[in-house]
Protein chains: 2
Amino acid sequence: MTSKAKAVLFDVFGTLVDWRGSVSAGLAAFGAARNISADWLGITDAWRGAYKPAMDSVRRGEIAWTNLDELHRGALATLLPKFGVTGVADADLDILVKLWHQLTPWPDSVAGLTALKQRVVIGSLSNGHVALQVALAKHTGFPWDMIFASDIFGHYKPDPEVYLGACKFLGFAPGEVMLAASHNEDLAAARKLGMQAGFISRPQEFGAPDERAKPAQDWEIVATSVPDLAAQLKN
Amino acid sequence: MTSKAKAVLFDVFGTLVDWRGSVSAGLAAFGAARNISADWLGITDAWRGAYKPAMDSVRRGEIAWTNLDELHRGALATLLPKFGVTGVADADLDILVKLWHQLTPWPDSVAGLTALKQRVVIGSLSNGHVALQVALAKHTGFPWDMIFASDIFGHYKPDPEVYLGACKFLGFAPGEVMLAASHNEDLAAARKLGMQAGFISRPQEFGAPDERAKPAQDWEIVATSVPDLAAQLKN
């Protein structure tokens, strides 16, 4: 299938950065510095797992707007004792929450975005807030034309306000904009609103590859990397 | 005076780009192509002059949210006949409005921003909307960490929502953020809210230099260019 777009908006966690490798390494370094042993990879997976229910509470209006730092902090404080890690100071929790501001990109991400930026508008479309995403872009070198963040919309994906809001800010119809993501459900939400969908397979995102690394629909583009997506985009 | 800041936010029109030279040249090129003679520099000044009253109508809530393209279009349609230019097609008005998306930077702007970006967060804080600013950054090469735009806030400067909103998105207190601008009134609004103020003198902005190119208060920094401002910032 050939596809053109005026803008490509990217999911970030998992699609462009290796959150699992980065956060687990950061937790392990923290543990080594504080002389704490624990299943840091298990904590990382549980931490990421706590993210969606917490966001859904915000999305359903059960709690007031809460950014990802605050959601991450609450989730970690609850999780650590379950993994036998107790007595972590408040200041340390603050430091650990910032691990999500310093994630390592997949090896192809920066080169792919830089190439794509020569041809179309590139932006993030992430549930991270502005402060997190600005810090992450400085850390990684993501050359964004525009950062679209949850706190700009007061909504989290997959709320339609996020996808349609970004298209409106850019002055483009949804059909002129592609969402690029490694998550089928994110792409399904975008497609339902008339956006194009570019799947980037990231088989290492959750450790061992599983069904999630495969396209669940006939997305406009199915790619193995950002440069591959750029090569398949026919404009 | 020495000054530190975690972020420097920039006014754009006049502070970083030569709107007067760019727009008048664009209008003159349009006139040449359509075989229309007119006082294009006079039209440019009148066009820019119509901007503040139009924004103030939005700010006072007299008209619903209207972005700069729409304000520019309405103002130009009204102005042209007063300057003896009649019969301009709607499609041509659309083209002329886009002149404000393709302004030429002052010679020092890109180099200064690029240097400053290595040390602090740099963002725009402009009354332009997202679409205009994204296009302008692509045209100029402004290496923004973040674009803050009027339509993100639903307000125009000098409404406090714009200044305080940007600080909040960044997660910084107003005192940790500097506004850099060539306009004393913009800086006065920022200072009143607790932000730092960096004046950049642009004596050519309105043609012949006048009082507007001089600092009206003891701003934290008074500079002649973006690199000069960067050099005076002590972090």
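Nothing here was measured: the structure is a model prediction, and the numbers come from that model.

The subject of this paragraph is the overall build of chain A. Along chain A, the regular secondary structure elements total 11 helices and six strands. Whereas a compact globule of 235 residues would reach a radius of gyration of roughly 18 Å, chain A reaches 18 Å, a difference of no more than 12%. Principal-axis analysis of the C-alpha atoms gives chain A an extent of 55 × 35 × 30 Å. Buried residues in chain A amount to 57% of all 235 residues. A separation of at least 24 residues holds for 66% of the contacts in chain A among residues at least 6 apart in sequence. Surface accessibility of chain A: about 9,400 Å² in total, with carbon and sulfur atoms responsible for 56%. Measuring between centres, the 22 positive side-chain charges of chain A sit 4 Å from its 25 negative side-chain charges.

Attention now goes to the environment of Trp144 of chain B. Residues and elements named next belong to chain B. Tracing the backbone shows Trp144 in the loop between helix H7 (130-140) and strand E3 (146-149). The buried category is assigned to Trp144, whose relative accessible area is 8%. Ignoring anything within four residues of it in the chain, the contact list for Trp144 reads Phe10, Val12, Leu16, Leu113, Lys117, Ile122, Gly123, Ser124 and Ala137.

Moving on to the interface of chain A and chain B. One frequently used descriptor of interface size is the decrease in accessible area upon assembly of the parts. Listed by partner, the interface residues are 16 residues for chain A and 16 residues for chain B. Of the roughly 1,400 Å² buried at the junction of chain A and chain B (both faces included), carbon and sulfur atoms supply 69%. Interface area lost by chain A to chain B is led by Lys138, Met146 and Phe169 of chain A, which between them contribute 40%. On the surface where chain A and chain B come into contact, there are two salt bridges.

As a further point, take the environment of Pro107 of chain A. Inspection of the secondary structure assignment puts Pro107 of chain A in the loop between helix H5 (90-97) and helix H6 (109-117). Residues Pro107 of chain A and Phe199 of chain A, 92 residues apart in the sequence, show an inter-C-alpha distance of 17 Å.

This next bit is on the relation of the copies chain A and chain B. Laying chain A over chain B is done by rotating through 180 degrees and shifting 0.0 Å along the axis; what remains is an RMSD of 0.0 Å. Those values place the two copies in the arrangement expected of a two-fold rotation axis. When you check the interface residues of chain A against chain B, 100% turn up at the interface there too, and the contact is symmetric in its surfaces.

Residues Phe10 of chain A together with Phe10 of chain B are the most contacted members of the largest nonpolar core, which totals 158 residues. Sequence-distant contacts of Phe10 of chain B, that is, excluding residues within four places in its chain, are made with Leu16, Leu113, Leu116, Gly123, Ser124, Leu125, Ser126, Trp144, Ala180, Ile200, Val226 and Leu229 of chain B.

Moving on to the pattern of salt bridges. Taken as a whole and judged by the stated rule, the model has 36 salt bridges over all chains. Between Asp11 of chain A and Lys157 of chain A there is a salt bridge, with its nearest N and O atoms 3.0 Å apart. Of this pair, Asp11 of chain A sits in the loop between strand E1 (7-10) and helix H1 (19-34) while Lys157 of chain A sits in the loop between helix H8 (150-153) and helix H9 (160-170); the two residues are 146 residues apart in sequence, bridging distant segments of the chain. Neither residue differs from the other here; Asp11 of chain A and Lys157 of chain A are each classed as buried. Its salt-bridge partner being Arg73 of chain B, residue Asp94 of chain B comes within 2.7 Å of it at the nearest N-O pair. One end of the pair, Asp94 of chain B, is in helix H5 (residues 90-97); the other, Arg73 of chain B, is in helix H4 (residues 68-82), and 21 residues separate them in sequence. For Asp94 of chain B, a relative accessible area of 39% puts it in the partly exposed group.

Right, let's talk about the domain arrangement of chain A for a bit. Residue and element names in this part refer to chain A. Assigned domains within chain A: domain 1 (7-18 + 103-232) and domain 2 (19-101). Each of domain 1 and domain 2 has a C-alpha centre, and these two points are 23 Å apart. In this complex, domain 1 contributes 25 residues to the contact, which on the side of domain 2 involves 19 residues. Both faces combined, the contact of domain 1 with domain 2 buries some 1,800 Å², and carbon together with sulfur accounts for 59% of it. If you sort the residues of domain 1 by the area they bury against domain 2, Leu103, His129 and Tyr156 come out on top, with a joint share of 35%.

Criteria and cut-off values
Residues numbered from 1 in each chain as written. Chains lettered and ligands numbered in written order. Predicted model: local features only at pLDDT ≥ 70, side-chain atom pairs only at ≥ 80, totals over all residues. Heavy atoms only, no water. Helix = DSSP H or I, 4+ residues; strand = E, 2+ residues; numbered from the N terminus. Rg over C-alpha atoms; globule rule 2.2 N^0.38 Å. Buried < 20%, exposed > 50% of the residue type's maximum accessible area, 1.4 Å probe, protein only. Contact = heavy atoms within 4.5 Å. Areas by Shrake-Rupley, 256 points an atom, 1.4 Å probe, with all protein chains shown as cover. Lys, Arg positive; Asp, Glu negative; His and termini not counted. Charge placed at Lys NZ, Arg CZ, Asp CG, Glu CD. Buried area = accessible area lost by both parts, 1.4 Å probe. Salt bridge = Lys/Arg side-chain N within 4 Å of Asp/Glu carboxyl O. Least-squares fit on C-alpha atoms with pLDDT ≥ 70 in both. Core = buried A, V, L, I, M, F, W, Y, C linked by side-chain atoms within 4.5 Å. Domains from an automatic or database assignment.

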